[in-house]
Each structure stands twice: as structure tokens, then as C-alpha cells.
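# A structural walkthrough
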Amino acid sequence: MSTFSTRLIRWQRQHGRNSLPWQTRDPYRVWLSEIMLQQTQVATVLDYYPRFLAAFPTVQALAAASQDQVLSLWAGLGYYSRARNLHAAAQQIVQQHSGAFPPTRAELETLKGVGRSTAAAIAAFAYHQREAILDGNVKRVLCRVFAQDGDPANKAFERQLWALAESLLPSQPGDMPAYTQGLMDLGATLCTRSKPRCTECPMQSLCQAHAQNRTAELPRKKSPAAVQQQTLYWLIIEQNHAIWLHKRPQHGIWAGLWCAPTFNSLAELQHFAAQHHLPFHHATELPIIHHRLTHRQLEIIPYHIAADSGSLKAEGFNKVKAATGEWVSPQAFAQYGMPKPLEKLLAK
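The residue count restarts for each chain, going from 1 along the sequence in the order it is written. For this predicted model, a pLDDT threshold of at least 70 governs which residues receive local features, and a threshold of 80 or more governs which side-chain atom pairs are given and counted, while totals over whole chains, interfaces and linings are taken from all residues. With hydrogens and water stripped out, all remaining heavy atoms of the structure feed into the side-chain values.

## Some details on the overall build of the protein chain
Applicable threshold: Secondary structure elements follow DSSP: runs of H or I of four or more residues count as helices, runs of E of two or more count as strands, with numbering from the N terminus. Only protein chains enter the accessibility calculation, which uses a 1.4 Å probe; a residue whose area is less than 20% of its type maximum is buried, one above 50% is exposed, and one in between is partly exposed. Residue contacts are defined here by distance: any two heavy atoms, one from each residue, within 4.5 Å place the two residues in contact. Residue burial considers only the protein chains on display, and all accessible areas are found by Shrake-Rupley using a 1.4 Å probe. In this count, Lys and Arg are taken as positive residues and Asp and Glu as negative ones, while His and the chain termini are left out. Charge positions come from single atoms, namely NZ of Lys, CZ of Arg, CG of Asp or CD of Glu.
The number of helices and strands found in the protein chain is 16 helices and 8 strands. If one aligns the C-alpha atoms of the protein chain with their principal axes, the spans along those axes are about 75 × 45 × 35 Å. Evaluated residue by residue, the protein chain yields a buried proportion of 49% over its 348 residues. Considering only contacts in the protein chain between residues 6 or more positions apart, those separated by 24 or more positions represent 67%. Summed over all atoms, the accessible surface of the protein chain reaches about 17,000 Å², with 50% contributed by carbon and sulfur. For the protein chain, the separation between the mean place of its 35 positive charges and that of its 24 negative charges on side chains is 5 Å.

## Here's the deal with the packing of aromatic side chains
Applicable threshold: Each pair of aromatic rings taken from Phe, Tyr and Trp, with Trp reduced to its six-membered ring, is defined by centres within 6.5 Å and is described as stacked if the planes are under 30 degrees apart, edge-to-face if over 60, and tilted in the remaining cases.
Evaluated as defined, the whole model comprises 11 aromatic pairs. Ring centres of Phe4 and Tyr179 lie 6.5 Å apart, and the angle between their planes is 75 degrees; this geometry places the pair in the edge-to-face category. One end of the pair, Phe4, is in helix H1 (residues 2–15); the other, Tyr179, is in helix H11 (residues 176–190), and 175 residues separate them in sequence. The class for Phe4 is buried, based on a relative accessible area of 2%. Tyr179 gets classed as buried once you look at its relative accessible area, which sits at 3%.

## Comments concerning the pairing of strand S1 (residues 228–239)
In regular strands, side chains alternate between the two faces of the sheet. This is how the line gets drawn: Should DSSP find at least two bridges between two strands, the strands are regarded as paired.
As paired strands, S1 and strand S7 (residues 296–306) are joined by 11 bridges and run parallel to one another. The residue bridging Gln228 from the neighbouring strand is Arg296, located in S7. Bridge count for S1 against strand S2 (residues 242–247) is 2 bridges, and the pairing is antiparallel. By the bridge assignment for S2, Glu238 is matched with Ile243.

## Observations regarding the domain arrangement of the protein chain
Applicable threshold: Domain start and end points were adopted from an automatic or database domain assignment. We define buried area as the total accessible area lost by two parts upon association, computed with a 1.4 Å probe and summed across both. For this analysis, a polar contact is any N or O atom pair within 3.5 Å, provided that within protein one partner can donate a hydrogen and the other can accept it, and provided that sequence-adjacent residues contribute only side-chain to side-chain pairs. Under the scheme applied here, ten amino acids are nonpolar (Ala, Val, Leu, Ile, Met, Phe, Trp, Tyr, Cys and Pro), four are charged (Asp, Glu, Lys and Arg), and all others, including Gly, are polar.
Taken domain by domain, the protein chain comprises domain 1 (3–212) and domain 2 (228–347). For domain 1 versus domain 2, the separation of C-alpha centres amounts to 37 Å. At the junction of the two partners, domain 1 supplies 10 residues and domain 2 supplies 14 residues. Taking both sides of the interface into account, the surface hidden between domain 1 and domain 2 amounts to around 870 Å²; carbon and sulfur atoms contribute 47%. Summed over the three residues of domain 1 that lose the most area to domain 2, namely Asp68, Tyr80 and Arg84, the buried surface amounts to 44% of that side. Inspection of the region where domain 1 meets domain 2 yields 5 residue pairs in polar contact (both at pLDDT 80 or more). At 4 residues, the largest contribution of residues to the side of domain 1 that touches domain 2 is made by helix H5 (residues 67–74). Looking at the side of domain 1 that touches domain 2, its residues break down into 5 nonpolar, 3 polar and 2 charged.

## So, helix H2 (residues 27–36)
Here H2 lies mainly inside the structure; 9 of its 10 residues are buried. By the burial criterion, the buried members of H2 are Pro27, Tyr28, Val30, Trp31, Leu32, Ser33, Glu34, Ile35 and Met36. If you follow the buried residues of H2, they end up packed against helix H3 (42–55), helix H4 (59–64), H5, helix H6 (81–96), helix H8 (116–127) and H11. Of the residues flanking the start of H2, the one acting as N-cap is Asp26, its side-chain oxygen 2.9 Å from the backbone nitrogen of Tyr28.

## Observations concerning the environment of Glu343
When you line up the elements, Glu343 lands in helix H16 (residues 340–347). Residues Glu343 and Gln230, spaced 113 residues apart in sequence, show a C-alpha to C-alpha distance of 20 Å. If we ignore the near neighbours within four places in the chain, the residues touching Glu343 are Ala75 and Met338.

## With respect to the UniProt feature "domain: HhH-GPD" (unreviewed entry) in the protein chain
Rules: UniProt positions are given in the numbering used here, feature names are shortened, and annotations may be inferred rather than shown by experiment.
Those places that UniProt annotates as "domain: HhH-GPD" (unreviewed entry) correspond, in this numbering, to residues 36–189. End C-alpha to end C-alpha, residues 36–189 measures 19 Å, and it is 64% helix and 0% strand.

## Some remarks on the nonpolar core
The criterion, for reference: Definition of nonpolar core: a set of buried residues of the types Ala, Val, Leu, Ile, Met, Phe, Trp, Tyr and Cys, connected through side-chain atoms within 4.5 Å.
Counting residues in hydrophobic clusters, the biggest one holds 93 residues, and the most contacted among them are Phe4, Trp31, Trp234 and Leu342. No fewer than three residues from each of domain 1 (3–212) and domain 2 (228–347) sit in this core. Those residues in contact with Trp31 that lie beyond four places of it in its chain are Val59, Leu62, Leu86, Ala89, Ala90, Phe101, Val114 and Ile122. If you look at the next biggest cluster of nonpolar residues, it comprises 14 residues, including Leu269, Ala273, Leu278 and Ile301.

Structural data, given as C-alpha cells:
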């Protein structure tokens, strides 16, 4: 087992990724990167991370920000619950921990949106704690090197992988950053899902899957989740070149983002328009937008109404909806966190 960690640490220091902006012992920067890197490629995070850090250089600055400010900077990264949890966790740290990150995995796991593996990564990088991580890349490395064959959805098999991961930890706490980064680097660059570069891998002579010619077979693939097809209708209401946006509920699709009025049917949209005396008979149907979420394929049909301010004001639209929405000018769009497809539509 020690051979695995020794080889991995040596390989990481020579060939791994050692110039990433979040490779620091600052727990705030490590935590931010770990949350951003969930379900997101490093190349994408490298674009968002510096802008986010410039806006919120400390956990106190993030905690003091509004959710809208956080979501607007997160727009395009997807999985928006991460941003809402990030904001809530920052407030937890300020209110419950006097602005200091807790130093142990168990305490870090109490933060909103921080699971066992993320907490372990923060503890390993920032505090050199001997804690095991187990994300998708790490599972793939362990399943191949040690020929672990099991159902990825099976909890007993996952516990088996956790036990294996913990048994492999290096004995010296100072080696934890290189070891933890090495697991991530190996899975991301060499031991990839398809076309692994086995001849360059430091574990080739140890790898049981390679010896057994089972690299393509392990780890077992998860059964693909069913993709739900859903049709939505948007009503793009324009007045004096401003667009009416409302804030989505804190649950469900695009939770907490600013969006055009959204409906599940054309009948619902038409009822809304009639209720607020909007001239739907003058509406223009825009090209259909196709947008993929994790387990949902959206078909969005937008309708555009250009109404002069006099007609809307006269019919009381502003008055009725003022509490739940705002007229937003194009110059201010960047300040509002919106769903990516709406952002692209309005840019046109």
C-alpha cells in the first residue's frame, strides 16, 4: 500500500498540476475551488475562479454579499445550488465560527453543501490532515489499480472503496497535498474514462486492471439516469427597451435566478397575459431554444411582447407585479444572475 502513495507523490511533484491558483493553504480559496470543481472541468473553473475571488476576496466579503451578487457571478457554471450553498456556508462560518474555517473534516462537513470528500480535500490541502477523498476520478483510479469490481450505486461497495482509500494514505501529514492532488491529477490526465494513457501511468506495474486486461471494464458504469423532456414557455415583456424579470423561487429549476415569466403551457402564458392586460395578440413567437440540464432536456418557446410604457402603466401591470419583479435595462443585465439560455437570448 505504501508503494502506491510513494509513487503517486513522486509522480505528482514531477508531472502533476502544480500551478493552479487555488494550490494554497488558505482554506477559503481551497474551499471555493473545491465547490466550483464539483461536476465542472478545471479549464472552466480557471475562468470563473479569479473573477469570483476578485469580487469576494474573503469569506466575510462573500457572507456579506447578496444572493443576487453571488448568483450573477456564478451564471454559466451551472448546478446553481452550489452557489446558494456556498453563500449559506460563508454565513455559517462568519456567524458560527467567527469567520475562521474549522480545521477538521468532521467540522467542515457541517457546512452547507460540503460532503465527506470535499471536507477531506479542504482538510488535506489547508491543514495537512490525513483524510481520504473519493470523487469520481479517485474511484476510477482505485477500481482499476486494485481491480475493485462492484455496482457504483451499491452503498456496501462504496464503503469498501472508502476503506481502501483510507488504507492508502501516506504516513506523513506534509505529503497530503501532493498525494491528494496526485489522485485528482492521475484520474483527470492519465487514468481517464476512455483512452487511458496506461504507458505513461506511474501505477502501470501495480495496476491489476491493466494486468487482467480489464481497464475498459472497470469501474462499472452507472445505469444512465432517465432524461426527462420538458417544454417551457417564456414571456419576454419589453418596455422602453427594458425587460421585466422576476426572481425564481428558492427551489426547483433555476432556483434563485432572475428570469422571464415562465409557464408550463401556452394556455398558462395566455392567461397571465390576459390577467395583466398585456397585448398577447401582438406577441411574436421567437425561435425555440433547446437546453440540456443534468437529467432534463428543455424545449423553451419564448414569446416577445413589445409594449409601450403608457399601455402597461395604464393597465396596472407595474403596480400588480412590482413586489415580485423589476424592469431591467440591457446595461444592467450583468448584475442579474440569469439562466444561461435567457442570457444568450437577451444578448441578441
